Amino acid sequence: MYKRILAWLLAVGLMLITQGVALAPAWTASASQTARSTVSVRTSLAAEVVRQVNLERARRGLGTLKVSAELSRAARVRANEITRRFSHTRPDGSAWRTVSSAAYGENIAMGQRTADKVMAAWMTSSGHRANIFRASYGSIGVCAVVSGGVTYWVQLFGK
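Model, not experiment: these values are computed from the prediction.

The rules we used
- All residue numbers refer to positions counted from 1 along the written sequence of the respective chain.
- Owing to the predicted nature of the model, reporting of local features is limited to residues with pLDDT of at least 70; listing and counting of side-chain atom pairs is limited to 80 or more, with chain, interface and lining totals taken over all residues.
- Excluding hydrogens and water, the side-chain values take into account all heavy atoms of the structure.
- Think of it this way: any DSSP run of H or I at least four residues long counts as a helix, any run of E at least two long counts as a strand, and we number them from the N terminus.
- Note on exposure labels: buried denotes an accessible area under 20% of the residue type's maximum, exposed denotes more than 50%, and partly exposed covers the range between, all computed with a 1.4 Å probe on protein chains only.
- Two residues qualify as a contact provided that any one of their heavy atoms is within 4.5 Å of a heavy atom in the partner residue.
- Residue burial considers only the protein chains on display, and all accessible areas are found by Shrake-Rupley using a 1.4 Å probe.
- pLDDT expresses, on a scale from 0 to 100, how confident the predictor is about each individual residue.
- Criterion used throughout: strands pair if DSSP finds at least two bridges between them.
- Helix span is expected to be 1.5 Å times the residue number reduced by one.
- Residues grouped as a nonpolar core are buried Ala, Val, Leu, Ile, Met, Phe, Trp, Tyr and Cys residues, joined through side-chain atoms within 4.5 Å.
- Simply put, an axis is a line fit to the C-alpha atoms, just over the touching stretch for a helix, and the angle between two N-to-C directions goes from 0 to 180 degrees.
- Our angle categories are set so that under 35 degrees counts as roughly parallel, over 145 as roughly antiparallel, 65 to 115 as roughly perpendicular, and the remainder as oblique.
- Working rule for handedness: look at the near helix, and if it is turned counterclockwise from the far one by less than a right angle, call the crossing left-handed; if clockwise, right-handed.
- Under the scheme applied here, ten amino acids are nonpolar (Ala, Val, Leu, Ile, Met, Phe, Trp, Tyr, Cys and Pro), four are charged (Asp, Glu, Lys and Arg), and all others, including Gly, are polar.

Trainee: Could you give an account of the overall build of the protein, naming the residues involved and the relevant values?
Mentor: The number of helices and strands found in the protein is five helices and six strands. Mapped from its N terminus to its C terminus, the protein presents α and β elements in the order α-β-β-α-β-α-β-α-α-β-β. Expressed as a percentage of the 159 residues in the protein, the buried residues total 44%. Partitioning the contacts of the protein with sequence separation of at least 6, the portion at a separation of at least 24 is 65%. Just so you have it, the protein exposes about 8400 Å², and 57% of that area is on carbon and sulfur atoms.

Trainee: Residues and numbers for the confidence of the model for the protein, please.
Mentor: Per-residue confidence for the protein gives a mean pLDDT of 84, with 77% of residues at or over 70. A low-confidence stretch, residues 5–36 stays under pLDDT 50, and its non-local contacts, those more than four residues away or across chains, total 31 contacts.

Trainee: Provide a residue-level description of the pairing of strand E6 (residues 150–158), including the pertinent values.
Mentor: Among the nine residues of E6, eight are classified as buried, and the element is accordingly described as predominantly covered. The pairing of strand E4 (residues 105–110) with E6 spans six bridges and is classified as antiparallel. Paired with Ala109 across the two strands is Trp153, which belongs to E6. Pairing analysis gives nine bridges linking strand E5 (residues 139–147) to E6, with the strands arranged antiparallel. Bridge pairing in E6 links Ser139 to Gly158. The loop that links E5 with its antiparallel partner E6 comprises two residues; one of these, Gly148, has a positive phi angle of about 60°.

Trainee: So what's going on with helix H2 (residues 43–59)? Which residues, and what values?
Mentor: Taking 1.5 Å as the rise per residue, H2 with 17 residues should run 24 Å; its terminal C-alpha atoms sit 25 Å apart, in good agreement. Positioned one or two residues after H2, Gly61 has a phi angle of 75°, which is positive.

Trainee: Lay out the nonpolar core with the relevant residues and their values.
Mentor: Val49, Val53, Met119, Trp122, Ile132, Ile140 and Trp153 are the most contacted members of the largest nonpolar core, which totals 19 residues. Within the residue set of this core, elements represented by two or more residues are H2, helix H4 (115–123), helix H5 (126–133), E5 and E6. Considering each element in turn, this core owes the most residues, five residues, to H4. By size, the runner-up hydrophobic cluster in this structure holds 16 residues, among which are Val39, Leu71, Trp96 and Ile108.

Trainee: Lay out the packing of H2 against H4 with the relevant residues and their values.
Mentor: Here H2 crosses H4 at 45°, and the two axes come no closer than 9 Å. Classified by the angle between their axes, H2 and H4 sit oblique to one another. The chirality of how H2 crosses H4 is right-handed. Contact with H2, carried on its side by Leu45, Glu48, Val49, Gln52, Val53 and Glu56, involves Ala115, Asp116, Val118, Met119, Trp122 and Met123 of H4 and no other residues of that element. Of the residues that constitute the contact of H2 with H4, the class distribution is eight nonpolar, one polar and three charged.

Trainee: Provide a residue-level description of the environment of Gly111, including the pertinent values.
Mentor: Position of Gly111 among the secondary structure elements: in the loop between E4 and H4. Of the residues examined, Gly111 reaches a relative accessible area of 46% and is grouped as partly exposed. Distance in space between the C-alpha atoms of Gly111 and Thr151 is 5.2 Å, their sequence separation being 40 residues. Once you skip the residues sitting within four places of it in the chain, Gly111 turns out to touch Val150 and Thr151.

See below:
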């Protein structure tokens, strides 16, 4: 079982690397955080969210969402931003969707430490659930980061 999971994670990682997606960048924290605080990407958590989203969609007869390198990149940008300002509005005051022309829907969350918990939170929110189940969406990018001991989550959805 562990070998299959490890092989899957390695395959996803290799796919992301070949598409130019960095797997574990670390950003310097904002001025409002301590100089020692960093943001670390949790690739395995993001992959688990994608898996669970696709399971939920399959239960409802919807197609699976394909991981998009562009949406994954944009989700990393948004995850970094929400560690500084938890909002659908970007730190510069612009709308979340300005992060990428490929992004049509956004779910964000903070504080849930596992993919199961963040998915449960999103599934109990009508707006977040609507994004997960929108039939017109065909792609997804997910990022989970930890900053200051808090996990931040971003899902971006595309056509």
